[in-house]
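# Structure at a glance
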Amino acid sequence: MRSIKTIHVISAHAEGEVGDVIVGGVQPPPGATIWEQRAFVAQDQTLRNFVLNEPRGGVFRHVNLLVPPKHPEADAAFIIMEPEDTPPMSGSNSICVSTVLLDGGIIPMQEPETRMTLEAPGGLVKVRAECRNGKAKRIFVQNLPSFADKISAPLEVPGIGTLTVDTAYGGDSFVVVDAAALGFEIVEDEARDIARMGVAITNAANEQLGFAHPENPDWDHISFCAFCGPLDKTETGLTGKSAVAIQPGKVDRSPTGTAVSARMALMAAKGQMSVGQTFEAVSIIGSRFTGRIVGQAQVGDRPAIIPEISGRGWITGTHQHMLDPDDPWPGGYRLSDTWGV
């Protein structure tokens, strides 16, 4: 086999959502901070295209690049590459990265619990992993401070009408809608319609409502639309279904850790949750993340929560992505049959 590029990947998923991890073959991108390195990856596009575009990738795939940490407290750092964004943080991807670091032997595993600090582009996240028999069984991630933005805002969506929506930040930015009001039960055969409608709602929200992170002016858009089902009480808090539409048109298979964080921030702002309570989020395929509010914080002038999310991750294989020098599509390709809705 001949190749002018070989990228080493350990593939994983967290509660159904793919989050591959590049462990070799890529030099750290330029930048004095992980955020600057993230910006280079986002603007340069070379690595994103190679691993996300077909024939190596697909709209269902997220890929994380391990890089040396910049912060002295961090044990490892990662840059998240999603189909159309290079975000500050991701819950499912942080669970995949933690699983690969521990199950892959990159960071020594301590049983029954391993603690480590990861540096995401948006900041430090603390990880606690329950470990048994050489396997990280469950990953707990203390996420970035999360806050409510707009509550009960009117939004006009072409072809749908006027909706009442919330916006929030949970490590990434969301427009949040009532799934039942739009006719969704959040079941598997609704995925295509949720994806299509979610893209339309996200685009409308960016045009009419916008988003500005009070401490990070570079993050100035809404990334996702979260369709949230009704809430039921549990012994320790609340539970409910949700589905997140990701640009350019797919539904997260996991319950989406940043969406769990954003929804808890909204519930805290509305008086529905408080510190110490939990929220069990159920995805469109029935997988679960558990969220917990572990503290309060301040982001600029916004009251915020410190969320913890937990879920399970599994390694699915190892890959060596190669590039033959005669390949006529070195950067891959995207077609609208899957990449657009």
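Below, the structure is looked at part by part. (Residues numbered from 1 in each chain as written. Predicted model: local features only at pLDDT ≥ 70, side-chain atom pairs only at ≥ 80, totals over all residues. Heavy atoms only, no water.)

## Regarding helix α4 (residues 191-208)
Relative to the 26 Å expected for 18 residues at 1.5 Å per residue, α4 spans 25 Å between its end C-alpha atoms, a close match to the ideal helical length. Among the residues making up α4, those that are buried are I194, A195, M197, G198, V199, I201, T202, A204 and A205. If you follow the buried residues of α4, they end up packed against β10 (153-157), β11 (161-169), β12 (173-178), β13 (224-228), β15 (237-246) and β16 (250-251). G210 sits one or two residues past α4 and shows a positive phi near 70 degrees. (Helix = DSSP H or I, 4+ residues; strand = E, 2+ residues; numbered from the N terminus. Expected span 1.5 Å × (residues − 1). Buried < 20%, exposed > 50% of the residue type's maximum accessible area, 1.4 Å probe, protein only. Contact = heavy atoms within 4.5 Å.)

## Focus on the pairing of strand β4 (residues 63-67)
The element β4 is extensively covered by neighbouring structure, given that four of its five residues are classed as buried. As defined by bridge partners, strand β3 (residues 20-24) adjoins β4 across three bridges and the pair is classed as parallel. What sits directly across from D20, in β4, is V63. Summarising the sheet, β4 and strand β5 (residues 76-81) pair through five bridges and their orientation is antiparallel. In the strand pairing of β5, V67 is matched with A77. (Pairing = 2+ DSSP bridges.)

## So, the layout of surface pockets
Where empty space is left becomes clear once a probe the size of a water molecule has been rolled over the atoms. Empty space within the largest pocket amounts to approximately 340 Å³. Taken together, 17 residues form the lining of the largest pocket, with D166, V176, C228, R263 and K270 sitting closest to its centre. Those elements that place two or more of their residues in the lining of the largest pocket are β11, β12 and α5 (257-269). Taken together, the residues that form the lining of the largest pocket break down as nine nonpolar, four polar and four charged. The wall of the second largest pocket is formed by 17 residues, among which G122, G123, L144, P145 and E215 lie closest to the centre. (1 Å grid on protein atoms, 1.4 Å probe; cavity = no way out; pocket = protein on both sides within 12 Å on 5 of 7 lines; lining within 4 Å. Points joined across faces, edges and corners; volume = space filled by probe spheres on them. Nonpolar A, V, L, I, M, F, W, Y, C, P; charged D, E, K, R; others polar.)

## Section: the pairing of strand β18 (residues 288-299)
When strand β17 (residues 278-282) meets β18, the two strands line up antiparallel, connected through five bridges. Bridge pairing in β18 places F279 opposite G291. The hairpin turn running from β17 into β18, its antiparallel successor, is five residues long, and G286 in that turn takes a positive phi close to 90 degrees. Where β18 meets strand β19 (residues 302-311), nine bridges bridge the pair, whose relative direction is antiparallel.

## Brief notes about the environment of G340
Along the polypeptide, G340 turns up in the segment after α6 (336-339). We classify G340 as partly exposed; its relative accessible area is 26%. Separated by 104 residues in sequence, G340 and T236 have C-alpha atoms that sit 40 Å apart. Residues in contact with G340, not counting those within four places in the same chain, are P248 and L335.

## What about a negative patch on the surface?
Taken together, the side chains of E185, E188, D189 and D193 make up a negatively charged region of the molecular surface. Mapping D189 onto the fold places it in the loop between β12 and α4. Taking relative accessible area as the criterion, D189 reaches 69% and is therefore assigned exposed. (Patch = residues over 30% accessible without salt bridge, like charges linked within 9 Å, V, L, I, M, F, W, Y side chains within 5 Å. Areas by Shrake-Rupley, 256 points an atom, 1.4 Å probe, with all protein chains shown as cover. Salt bridge = Lys/Arg side-chain N within 4 Å of Asp/Glu carboxyl O. Lys, Arg positive; Asp, Glu negative; His and termini not counted. Charge placed at Lys NZ, Arg CZ, Asp CG, Glu CD.)

## As for the packing of aromatic side chains
Taken as a whole and judged by the stated rule, the model has seven aromatic pairs. Ring geometry for W35 and W219: centres 6.1 Å apart, planes at 75 degrees, overall edge-to-face. Highlighted residues: W35 in helix α1 (residues 34-44) and W219 in the loop between α4 and β13, separated in sequence by 184 residues. W219 gets classed as buried once you look at its relative accessible area, which sits at 2%. Here F147 and Y169 contribute two aromatic rings whose centre-to-centre distance is 5.4 Å and whose plane-to-plane angle is 20 degrees, an arrangement assigned as stacked. (Phe/Tyr/Trp six-rings, centres within 6.5 Å; stacked < 30°, edge-to-face > 60°.)

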